[in-house]
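# Structural characterization, general
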Amino acid sequence: MRLAGKLSATVIVLLLLCLTIVLALLHTRHASSMVTYALNTFSPYSVTANAVSYHITDPWHLTVSDIHFKDQHQKSENLNAKVLQLWFSPGKLLKPGWHFDTILIDGLSLSANTEQPLLPELYTDRLALTNFNWHSAQLSLENSKLQLDNWQNRPDSGQTFSGDFQLAADLLVWQGIKLNEVLLDGDYKPNSDTQPQWTLYGFSFDWQQANFNGQAEYIEQDDALILHQLTVSDLKLHHSESLNSQWLEQQTRSLQLPQTIEIHRLDILDSSFEQPQLSLNHANLSLQNWHWPADHWHQQDARFSLSADSLRWHDTVMDAPLAELAFSPKQIVIEGASAKALEGYVQTDGTLTPNTLALNQLTLNSIKWFLPENWPDLIKKTSQHFDNIQLAALDIGYAQVTDTAPGRHFQFSDLNVSGHDLLLKHEGQAGLWQGELTASSGFASIKTVSMVEPIITMRSQEGQWQLSELIVPFKNSGLLSANGKINLQQEGQPWQLELTTDSMPVSVLPQWLNLPLPLGGNMDIELTANGLGQHATSLAYSLEGELKGQFRQLQLSQQKTKQIWQQWSGSKTEQHSGKDTMSKTDIEETKPFSVSANQLHVQAERGKIKLAPISLQSRGFTATLQGNWDLAKPNGKQVKLQATQGCLQLEKEWRGNQKQVLQSSSCDGNNIKVPVKTDAS
């Protein structure tokens, strides 16, 4: 026993002596050689170090400067670091492997070509990398700082960590996307099946000169990302070759997004977007409780809000747009939407479902709307998404609507429209199915016909649509009034119309007949008509009616009869220079002169319309016009004109969209009895 005690005491003394010698050498110039010798002995690398720093006052801390690790088998790149600091863990010295409280490496650069280091079994409560650089095809880090808790290296399982982690990088490139000033602060639980494995308490970075920051969690088992909060500031996205729909689609595919993304709150502040069909200027957007990839009809309790200095959609510009939307399954509630647009103001709220648009109110004040050329197609394309369209209250005040398209140009100024309880589309069929609607205009024009303060009133009850009142005062004189009804509920949607005019300008007639006839004067008309209005085909086979008209004070105004003849025959008008003077006869011919005409009589039977001959006579000028239309045939129009003026004779015919001169004789006796001109009109 006494011998064993002596031997134990001797070993302890020798160990203490060795430790004392080692500690003493660490304070001398031999520290670097001693440490590198130990590293060369216990690692597969050839190690050199410029200096080693140690002080007895901090006995578990060792600093190695300018250290180089070289693979003795030359299989990988050299590992270099400016500083390696080790804090030993004295309480774990007797455990297997190397245990450290902290390992700090400064100035380490690695790449995908760097082979996995053959390290011994290592454990450290914290691994810290400063001035760290990493480069690979998927991820690059420049001038970064990385801290990992509970990092370990085991030959059988590789490198792992758990607990807190922090990353700060001047530049991070992830799958081709460059992020600046990156900061991450989070926690990783590798063995958790019920809680998120990755938790980001906070992250921030700059992209496209915008700042992003937020908090998030990732559940690896479900491949689900929970975005608790994301704020984006000063984002500016402009249409370019590097930022378009194709580029975004490619980036989305390459990012390999999680299967589900749950957005608790997303805020985009003071940002601008510029794309071909949509742009936003200094916009603020907020999105809450959104689940992806579910579409807008399958959200549980999501909200969206928008405000901006301006918004452009196609060619329409809106100032100060505001919108608040709430999403629930199969329903979107427009809590409020407004904007300054078309030099006026627009406001609405209501509800959308997959087949119904139901607005509580729609207000448009002082707008000036120049309709796009394809506006009928746009309205049809937009409305086809809904089988039912409802509007509880409609208020349009002092609006101006203009269509400049050839063949249908019109304008309404000081337009006022009011309506309530409107059902404008029901089960896919457009029409006034329910409600009351009144519209009036201070001034209106359709083609060249001008109207002053026209008014229309209509109402409907359960599909019984009634045109209660239509009054159209014409600009100079005359009045048109009409009433009618249509049964939207009945098969075929039968309708009836009664229309009368008193001193209506006869200039309307040439526009109806598409005939260059500059007649002045007035006409009185009585029209009764009925048919089926469900679609164009039913109307073409069902139109019945009669129109009777009386002409009064007819005149050929401000145009020579020669010019009229040239327009009808298709011959060129003689050109006169500005220096030419008009003869006394020419001046007399430009003055209006009276024209007599018989009664206008048009009949329609089962879609076939017949215009009884109309005869015009005045001062050696006679003309007879008659025609037939078959609405069921695309080229069912046939109108014939016979005219004489002195020794001139003309016979002209319109068939479908073609017109031709059948016979024309001049004063020299030349006759042409074959078509001399055919063109589309």
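Broken down by element type, the protein chain carries eight helices and 42 strands. Here the protein chain holds 681 residues, and 38% of them are scored as buried. Put simply, 43% of the contacts in the protein chain that link residues at least 6 apart link residues at least 24 apart. For the protein chain, the accessible surface area stands at approximately 39,100 Å², while carbon and sulfur atoms represent 54% of it.

It is worth spelling out the pattern of salt bridges at this point. Applying the stated criterion across every chain, the model contains 13 salt bridges. The partner of Glu436 in a salt bridge is Arg459, and the shortest N-O contact between them spans 3.7 Å. Of this pair, Glu436 sits in strand S25 (residues 429-446) while Arg459 sits in strand S27 (residues 455-461), and the two are 23 residues apart along the sequence. Two residues, Glu651 and Lys640, come together in a salt bridge whose shortest N-O distance is 2.9 Å. In this pair, Glu651 is assigned in strand S39 (residues 648-655) and Lys640 in strand S38 (residues 637-645), connecting sequence segments 11 residues apart. On the accessibility criterion, Glu651 (18% relative accessible area) is buried. Since its relative accessible area comes to 26%, Lys640 is described here as partly exposed. Overlapping salt bridges, with partners in common, bring together Arg303, Glu324 and Glu335 in one network.

Before going further, it helps to examine unusual backbone geometry. Glycine aside, the phi torsion of most residues is negative, and most peptide linkages are trans. The linkage connecting Trp292 with the following residue, Pro293, adopts the cis geometry, with an omega of 15 degrees. Within the fold, Pro293 resides in the loop between strand S16 (278-292) and strand S17 (302-313). In the Ramachandran plot, Tyr398 falls in the positive-phi region, its phi being about 50 degrees despite a non-glycine side chain. Within the secondary structure, Tyr398 is located in strand S23 (residues 388-403). Among the residues examined, Tyr398 registers a relative accessible area of 58% and is labelled exposed.

A few words now on the side chain of Ser204. One can find Ser204 in strand S11 (residues 198-207). A relative accessible area of 17% means that Ser204 is categorised as buried. Those residues in contact with Ser204 that sit more than four places away from it in its chain are Glu181, Val182, Leu183, Phe212 and Asn213.

For the structure on display, the rule yields 12 aromatic pairs. Considering the side-chain rings of Trp207 and Phe212, the 6.1 Å spacing of their centres and the 65 degrees angle between planes classify their relative orientation as edge-to-face. Centre to centre, the rings of Trp375 and Phe410 are 6.4 Å apart; their planes meet at 85 degrees, and the pair counts as edge-to-face. Remark: Phe410 occurs in strand S24 (residues 410-426) and Trp375 occurs in helix H4 (residues 375-383); sequence separation between them is 35 residues.

Before going further, it helps to spend a moment on the nonpolar core. Trp207, Phe212, Val232 and Leu235 are the most contacted members of the largest nonpolar core, which has 81 residues in total. The greatest single-element share of this core, amounting to six residues, is contributed by S23. Contact partners of Phe212, with chain neighbours within four places excluded, come to Phe203, Ser204, Phe205, Trp207, Leu230, Thr231, Val232 and Leu235. Formed by 43 residues, the second largest nonpolar core is a distinct cluster that contains Trp495, Ala529, Leu554 and Leu616.

Bringing the side chain of Asp267 into the picture now. Relative to the elements of secondary structure, Asp267 occurs in strand S15 (residues 260-274). At a separation of 2.8 Å, a polar atom in the side chain of Asp267 contacts the side chain of Arg265.

With that settled, consider the environment of Leu139. In this fold, Leu139 is placed in strand S7 (residues 139-154). Of the residues examined, Leu139 reaches a relative accessible area of 30% and is grouped as partly exposed. Residues Leu139 and Ala112, 27 residues apart in the sequence, show an inter-C-alpha distance of 9.5 Å. In this structure Leu139 touches Trp134, Leu172 and Val173, once residues within four positions along its chain are discounted.

On to the confidence of the model for the protein chain, then. With 76% of its residues at a pLDDT of 70 or more, the protein chain has an overall mean of 81. Residue range residues 3-25 is modelled with pLDDT below 50. Its contacts to residues more than four positions away, or to other chains, number six contacts. Low pLDDT, under 50, characterises residues 573-582; the predicted model gives this stretch five contacts beyond four residues in sequence or across chains.

Before going further, it helps to examine the environment of His601. Counting through the fold element by element, His601 comes out in strand S35 (residues 600-605). Residue class for His601 comes out partly exposed when judged on its relative accessible area of 23%. The spacing of His601 and Leu611 is 10 residues in sequence and 6.2 Å in space, taken between C-alpha atoms. Setting aside its immediate chain neighbours within four residues, His601 contacts Glu546, Leu547, Lys548, Lys610, Leu611 and Ala612. A polar contact is formed between the side chain of His601 and the side chain of Glu546, at a distance of 2.7 Å.

One face of the sheet, then the other: side chains in a regular strand alternate in exactly this way. By the alternation rule, side chains of strand S26 (residues 449-452) split into Val449 and Met451, which are all buried, and Ser450 and Val452, of which none is buried. Where S25 folds back onto S26 in an antiparallel hairpin, the turn is made up of two residues, including Lys447, whose phi is positive at roughly 55 degrees.

A contiguous patch of negative charge on the surface is contributed by Asp234, Asp270, Asp309 and Asp319. Counting through the fold element by element, Asp270 comes out in strand S15. By relative accessible area, Asp270 is classed as partly exposed at 33%.

Rules and cut-offs
Residues numbered from 1 in each chain as written. Predicted model: local features only at pLDDT ≥ 70, side-chain atom pairs only at ≥ 80, totals over all residues. Heavy atoms only, no water. Helix = DSSP H or I, 4+ residues; strand = E, 2+ residues; numbered from the N terminus. Buried < 20%, exposed > 50% of the residue type's maximum accessible area, 1.4 Å probe, protein only. Contact = heavy atoms within 4.5 Å. Areas by Shrake-Rupley, 256 points an atom, 1.4 Å probe, with all protein chains shown as cover. Salt bridge = Lys/Arg side-chain N within 4 Å of Asp/Glu carboxyl O. Phe/Tyr/Trp six-rings, centres within 6.5 Å; stacked < 30°, edge-to-face > 60°. Core = buried A, V, L, I, M, F, W, Y, C linked by side-chain atoms within 4.5 Å. Polar contact = N/O pair within 3.5 Å; in protein donor to acceptor, adjacent residues only side chain to side chain. pLDDT = per-residue confidence, 0-100. Pairing = 2+ DSSP bridges. Patch = residues over 30% accessible without salt bridge, like charges linked within 9 Å, V, L, I, M, F, W, Y side chains within 5 Å. Lys, Arg positive; Asp, Glu negative; His and termini not counted. Charge placed at Lys NZ, Arg CZ, Asp CG, Glu CD.

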